[in-house]
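Chain by chain, the residues run as shown.
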There are 2 protein chains.
Amino acid sequence: MKKQTIKDLLTDYKKVLHHDITVYGWVRAFRSNRFIALNDGSTINNLQVVVDFENFDENIIKNINTAASLKVTGEVVESQGAGQTVELIAKKITILGDNFTEELQSTILQPKKHSLEKLREQAHLRFRTNLFGAVFRVRSAVSFAIHQYFNQNQFFYINTPIVTGADAEGAGEMFGVTNFDLNNIPRNEEGEIDYTQDFFGRKTNLTVSGQLEGETAAMGLGRIYTFGPTFRAENSNTTRHLAEFWMIEPEVAFNNLEDNIDLAEDFLKYVINYCLENCKDDLEFLDKRFEEEQKTKPEKERAKEGLIEKLQNVVAKRFKRVSYTEAIDILLNSKENKKGKFAYPIEAWGADLQSEHERFLVEKHFESPVVLFDYPKDIKAFYMKLNEDNKTVAAMDVLFPGIGEIIGGSEREARLDVLKQKMEEMHVDEHELWWYLDTRKFGSVPHAGFGLGLERLVLFVTGMTNIRDVIPFPRTPKSAEF
Amino acid sequence: MKKQTIKDLLTDYKKVLHHDITVYGWVRAFRSNRFIALNDGSTINNLQVVVDFENFDENIIKNINTAASLKVTGEVVESQGAGQTVELIAKKITILGDNFTEELQSTILQPKKHSLEKLREQAHLRFRTNLFGAVFRVRSAVSFAIHQYFNQNQFFYINTPIVTGADAEGAGEMFGVTNFDLNNIPRNEEGEIDYTQDFFGRKTNLTVSGQLEGETAAMGLGRIYTFGPTFRAENSNTTRHLAEFWMIEPEVAFNNLEDNIDLAEDFLKYVINYCLENCKDDLEFLDKRFEEEQKTKPEKERAKEGLIEKLQNVVAKRFKRVSYTEAIDILLNSKENKKGKFAYPIEAWGADLQSEHERFLVEKHFESPVVLFDYPKDIKAFYMKLNEDNKTVAAMDVLFPGIGEIIGGSEREARLDVLKQKMEEMHVDEHELWWYLDTRKFGSVPHAGFGLGLERLVLFVTGMTNIRDVIPFPRTPKSAEF
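None of these values were measured; they are calculated from a predicted model.

Let's shift gears to the overall build of chain A. Within chain A, the regular secondary structure consists of 15 helices and 16 strands. Expressed as a percentage of its 482 residues, the buried residues of chain A come to 60%. In chain A, 67% of the contacts between residues at least 6 apart in sequence involve partners at least 24 apart. Entry remark: accessible area of chain A is about 19,800 Å², with carbon and sulfur atoms responsible for 45%.

So, in structure tokens, the structure goes:
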């Protein structure tokens, strides 16, 4: 890329100081008919362009409005003002394209405070705001750090199918995928829908997880990870759910539960640290925003740590590892449980933990990220390894402050007979998963993996609170605009 | 990751020479009851494990069969045999899991030559073969190189929606996505399907391209790229088509057509060079396989270059840049055209180029990768920039030897009035794309981008010939197993 970005210029200005350069960007503000704040998306920081209006055609000056697109050539000089290293003394300005200032009034590009909801309605324009510029640059950094971590550790990236006949969780409401004309669905002699005539010759859905296919790949390549979209057709209109979201699922041959927890902890710390090192400006902006937001809350609901402080602490602290059984003891004996403060009181071993319990453990009891492991088999999926106690499985969840579960995983059941029995008990169709069972037939090995929802991690890193604000074009019930 | 892979051991053996280490893997072969070829997927190379059968339980020796999974502890010593640096003198061997040797006979794990078609039927096991291990490690390297290239050049990774109401190409058969019970589709008072009752409250499809949403992101973030699955419901049963494939689509604000071509060339060379540097062993294996395959062909159909040689040449040569108009002249004047050798003879300017024409230009005329640009507007999409001649658009295709088109892109039409007129002429619904038009209203800028089909590039780099063999679980008409 030959063009210089504003980020290049602001970070590496010494070699162009007192030289003429050309930059491109959008006007964020034009003060006193003299100072243009120019942004090109490469950084949250604007370049100050200084205009001596006497040197320019009136038509140009008139059209330097908010959102206008400019090409500016000028001299780089040390800045007089605070908060910026250099500025550009404009010598030539070109307006690059249309800017309908009247229509702009009804958009989020108009320079005033807009609600997050309004920003969401104009998701195609919110990339141009400071907030969403920061959020999506951080999301990109998180994604790259994930690929880099796995690449450095000899994992191979595997694309598991999006359209599939299999249902990994044995549950989960799925979206159907079809090529049928819904006004004219073919039927067989029994009057049933004839899926053999559909595009794939069978009933197909959008995947809810790539894990099962990922396991087959790990049985050959050793260490693999997926990173792709997954889907849930659940009618959940909450700040935590999306119908379409991105999942990362590593799967490692020869790993046991402890290896899996080690991997999850090392991985999360690497990714968060990468952001701390590579997204400084954006995180400082988000940190300030987070602080402002806390001030609007009642004192006892405020976060104990600032955003950056929270991220630094996660990287620094060793995650607390606690068995499900210990966690239940802690919860049973807690003041909160005894005084009936939980919406779902814990009554006995075997209870499924709710978000309130997870957050109690993380935020109040341990004040640290927590890894829970060895859950009751009845509340976990069929593919998890049955422990010797015959009542727990080698599952693990990583719980984060403010978020709750951020990672869920397990050592997998590698024994064919035990796996088959679990599938029968849990009504998972053995014939449909013939290929999955094969992985336990030909040199079966212990293996383990986990799933991370990308958007949950981006929520954590950015301090945003609604999951619709950390994916460019959220898909939720009754909403698939753009 | 604490565990040592066989790749670690073979490349960095000096620090463990004469030490005891533990390795894990699957048996590829067991010769003379003495030499185990052990593979763990980290590399195409096997570790030779030397077993003195007198030191081991008979039951262990008996179970060291093809595909068996082992944990082996032993001493690393310099190898006596050719072609390997070190071997492992086994001191302790553990069989890790089941291996049903009888059932193995009907699988592709049985050590003999299997057809690619049979391997495809057992896609869940083919990761364990030399060939597909190599192919999927290279695919992973290609993917990582793509992320790394864009990250280094200040592009942000953007996830555009998979489920969408929009149709980027204005054509293309799409898969429907629905939550309806197909036996009981709700209808409105007019008797039409009532999509307001579907999950998203509207008719939705699987995306055919993330470009249009990507453009909106580039209008804020400057340089972006997508990398995600795309779909075509075309009933094409060929070696070149998949119903589900992965696309990379960069989009760059302020770039014109020439910048776009520069980017495409630089990008492709980076990715291919990354593979040459990081996938040596796998490419050498694939190079030999390619050579063997060429020998089975009639002499005049054989490739002029070996696989690695071809990759090196693409990296070294400057791509030939030729306008569509020049290309038509060359084709019109070619012996091939005059003698009627083309299945689709070129008759005049305006003709859409077929694969045979593209390959003639690349493989015979120029003997170099070729970039064609400035195509007739009528054979290209609505969003491409209309040139001043009023009859061509600023489109570009990169053509590769043996593959034909590997990249297609353009400078985009940044002028709102021209774009609207093109949409009207080409019957693209303006109201549905209101958000796309907005990008031309508020500081419109020149911008350009392109699309690369990941599988096409992996075909090129691996020398494979059927696109179903470069994606783990291919989706094609009447086939969605796994």
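This paragraph deals with the pattern of salt bridges. A complete count under the given rule lists 48 salt bridges over all chains for this structure. For B:Lys295, the salt bridge identified is with B:Glu292, shortest N-O distance 3.6 Å. Here B:Glu292 and B:Lys295 lie together in helix α8 (residues 280-295), a separation of 3 residues that amounts to about one turn. Between B:Glu413 and B:Arg415 there is a salt bridge whose closest N-O contact spans 2.7 Å. Since its relative accessible area comes to 37%, B:Arg415 is described here as partly exposed. Through salt bridges with shared partners, a single ionic network connects A:Asp262, A:Glu265, A:Lys269, A:Arg318 and A:Arg321.

This part covers empty space enclosed by the protein. Counted by the stated rule, this structure contains 11 cavities of 30 Å³ or more. Space inside the largest cavity adds up to approximately 150 Å³. A:Thr5, A:Asp40, B:Arg223, B:Ala253 and B:Phe254 are, among the 17 residues lining the largest cavity, the residues nearest its centre. Looking at the lining of the largest cavity, the elements with two or more residues in it are β1 (20-31) of chain A together with β11 (244-253) of chain B. Split by residue class, the lining of the largest cavity holds 8 nonpolar, 6 polar and 3 charged. Within this model, the second largest cavity holds a volume of roughly 130 Å³. Around the second largest cavity sit 16 residues that line it, and A:Arg223, A:Ala253, A:Phe254, B:Thr5 and B:Asp40 are the ones nearest its centre.

Moving on, we get to the interface of chain A and chain B. Taken together, the contact between chain A and chain B spans 125 residues of the former and 125 residues of the latter. Here chain A and chain B share an interface that buries about 10,200 Å² over both sides, 60% of which is from carbon and sulfur atoms. On the surface where chain A and chain B come into contact, there are 6 salt bridges. In this structure, B:Glu481 engages A:Arg202 in a salt bridge whose closest nitrogen and oxygen atoms are separated by 3.5 Å.

All names here are of chain B. Relative to the elements of secondary structure, Asn333 occurs in the loop between α10 (324-332) and α11 (335-338). The spatial distance from the C-alpha of Asn333 to the C-alpha of Ile346 is 9.7 Å, given a sequence separation of 13 residues. Polar side-chain contacts of Asn333 include one of 3.0 Å to the backbone oxygen of Asp329.

What follows deals with a positive patch on the surface. There is a patch of like positive charges on the surface, built from A:Lys300, A:Lys335, A:Lys339, A:Lys341 and A:Lys364. Secondary-structure assignment places A:Lys341 in the loop between α11 (335-338) and α12 (355-365).

Turning to helix α13 (residues 416-425) of chain B, a few remarks are in order. All names here are of chain B. Residues Leu416, Val418, Leu419, Lys422 and Met423 constitute the buried set of α13. Each buried residue of α13 sits inside an arc of 165° when the element is viewed along its axis, so together they form one side. Among the exposed residues of α13, those pointing more than 90 degrees away from its buried face are Asp417 and Glu424. The inward-facing, buried residues of α13 contact β14 (392-400) and α14 (434-438). Once α13 ends, the next one or two residues include His427, with phi positive near 55°.

Moving on, we get to the relation of the copies chain A and chain B. For the match of chain A to chain B, the screw axis carries a shift of 0.0 Å, the RMSD comes to 0.0 Å, and the turn is 180°. Taken together, the rotation and translation describe the operation of a two-fold axis. Across chain A, the rotation axis passes nearest the C-alpha of A:Val177, at a separation of 2.4 Å. Here 100% of the contact residues of chain A are again contact residues in chain B; the copies associate through an equivalent surface.

Residue and element names in this part refer to chain B. Across the sheet, 8 strands lie side by side as β6-β10-β11-β16-β15-β14-β13-β12; this open sheet has mixed pairing. At either margin of the open sheet sits one strand with a lone partner, and together these are β6 (156-157) and β12 (320-323). For β11 and strand β16 (residues 447-453), the ladder comprises 5 bridges, and the chain directions are antiparallel. Paired with Ala253 across the strands is His447, a residue of β16. The sheet strands contacting helix α6 (residues 211-221) are β6, β10 (223-231), β11 and β16, and the helix crosses β11 at an angle near 30°.

Residues and elements named next belong to chain A. Structurally, chain A comprises domain 1 (6-106) and domain 2 (132-172 + 208-469). Taken over C-alpha atoms, the centre of domain 1 sits 44 Å from the centre of domain 2. In this complex, domain 1 contributes 5 residues to the contact, which on the side of domain 2 involves 5 residues. Here domain 1 and domain 2 share an interface that buries about 370 Å² over both sides, 50% of which is from carbon and sulfur atoms.

So, on to the pairing of strand β13 (residues 370-376) of chain B. Residues and elements named next belong to chain B. Among the 7 residues that make up β13, 6 are buried, leaving the element largely enclosed by the rest of the structure. Strand direction decides the pairing type here: β12 and β13, joined by 4 bridges, are parallel. Directly across from Arg321, in β13, lies its bridge partner Val371. When β13 meets β14, the two strands line up antiparallel, connected through 6 bridges. What sits directly across from Val371, in β14, is Val398.

Within the fold, A:Asp259 resides in helix α7 (residues 257-278). Excluding its chain neighbours within four sequence positions, the residues that come into contact with A:Asp259 are A:Phe254, B:Lys2 and B:Lys3.

Residues and elements named next belong to chain B. Put simply, helix α7 (residues 257-278) and helix α9 (residues 307-316) touch, their axes get as near as 9 Å, and they point 140° apart. Our classification of the angle between α7 and α9 gives oblique. Along this stretch, α7 crosses α9, giving a crossing that reads as left-handed. Across the interface between the two elements, Lys269, Ile272, Asn273 and Leu276 from α7 touch Ile308, Leu311, Gln312, Val314 and Val315 from α9.

Aromatic rings considered in pairs are described by the distance between their centres and by the relative angle of their planes. All names here are of chain B. This structure, assessed with the given rule, holds 63 aromatic pairs over all chains. Between the aromatic rings of Phe267 and Phe450, the centroid separation amounts to 5.9 Å while the plane-to-plane angle is 45°, which identifies the pairing as tilted. Here Phe267, found in helix α7, pairs with Phe450, found in strand β16; they are 183 residues apart in sequence, far enough to count as distant. A relative accessible area of 0% means that Phe267 is categorised as buried.

With that settled, consider unusual backbone geometry. All names here are of chain B. Its identity is not glycine, yet Asn390 carries a phi of approximately 65°, on the positive side. When you line up the elements, Asn390 lands in the loop between β13 and β14. Notably, Phe482 is not glycine yet its phi reads approximately 75°, a positive angle.

Let us now look at the sheet that holds strand β12 (residues 320-323) of chain A. All names here are of chain A. The sheet built from 8 strands is open, its strands ordered β6-β10-β11-β16-β15-β14-β13-β12 with mixed pairing. Each having just a single partner strand, β6 (156-157) and β12 make up the two edges of the open sheet. Docked against the sheet, helix α5 (residues 130-152) engages β6, β10 (223-231), β11 (244-253) and β16 (447-453), running at close to 150° with respect to β10. Running at roughly 15° to strand β14 (residues 392-400), α7 makes contact with β11, β12, β13 (370-376), β14, β15 (404-411) and β16 of the sheet.

Residue and element names in this part refer to chain A. Tallied over the entire structure, the rule returns 0 disulfides over all chains. Free of any disulfide, Cys275 has its nearest neighbouring cysteine sulfur in Cys279, separated by 4.6 Å. On the basis of relative accessibility, which here comes to 1%, the residue Cys275 falls in the buried class.

On to the pairing of strand β2 (residues 35-39) of chain B. Residues and elements named next belong to chain B. Of all 5 residues in β2, 4 are buried, a share of seventy percent or more. Taken together, the 5 bridges between strand β1 (residues 20-31) and β2 define a ladder with antiparallel strand orientation. Across the sheet, the residue bridging to Ala29 is Ala37, located in β2. Between β1 and β2, which pair antiparallel and follow one another directly, the connecting turn spans 3 residues, one of which, Ser32, has a positive phi of 55°. As paired elements, β2 and strand β3 (residues 47-50) share 4 bridges and run antiparallel to each other.

Conventions we followed
- Residues numbered from 1 in each chain as written.
- Chains lettered and ligands numbered in written order.
- Predicted model: local features only at pLDDT ≥ 70, side-chain atom pairs only at ≥ 80, totals over all residues.
- Heavy atoms only, no water.
- Helix = DSSP H or I, 4+ residues; strand = E, 2+ residues; numbered from the N terminus.
- Buried < 20%, exposed > 50% of the residue type's maximum accessible area, 1.4 Å probe, protein only.
- Contact = heavy atoms within 4.5 Å.
- Areas by Shrake-Rupley, 256 points an atom, 1.4 Å probe, with all protein chains shown as cover.
- Salt bridge = Lys/Arg side-chain N within 4 Å of Asp/Glu carboxyl O.
- 1 Å grid on protein atoms, 1.4 Å probe; cavity = no way out; pocket = protein on both sides within 12 Å on 5 of 7 lines; lining within 4 Å.
- Points joined across faces, edges and corners; volume = space filled by probe spheres on them.
- Nonpolar A, V, L, I, M, F, W, Y, C, P; charged D, E, K, R; others polar.
- Buried area = accessible area lost by both parts, 1.4 Å probe.
- Polar contact = N/O pair within 3.5 Å; in protein donor to acceptor, adjacent residues only side chain to side chain.
- Patch = residues over 30% accessible without salt bridge, like charges linked within 9 Å, V, L, I, M, F, W, Y side chains within 5 Å.
- Lys, Arg positive; Asp, Glu negative; His and termini not counted.
- Charge placed at Lys NZ, Arg CZ, Asp CG, Glu CD.
- Arc of directions from axis to C-beta.
- Least-squares fit on C-alpha atoms with pLDDT ≥ 70 in both.
- Pairing = 2+ DSSP bridges.
- Axes fitted to C-alpha atoms, helices over the stretch in contact; angles between N-to-C directions.
- Domains from an automatic or database assignment.
- Parallel < 35°, antiparallel > 145°, perpendicular 65-115°, else oblique.
- Left-handed = near helix turned anticlockwise from the far one by under 90°.
- Phe/Tyr/Trp six-rings, centres within 6.5 Å; stacked < 30°, edge-to-face > 60°.
- Disulfide = S-S within 2.5 Å.

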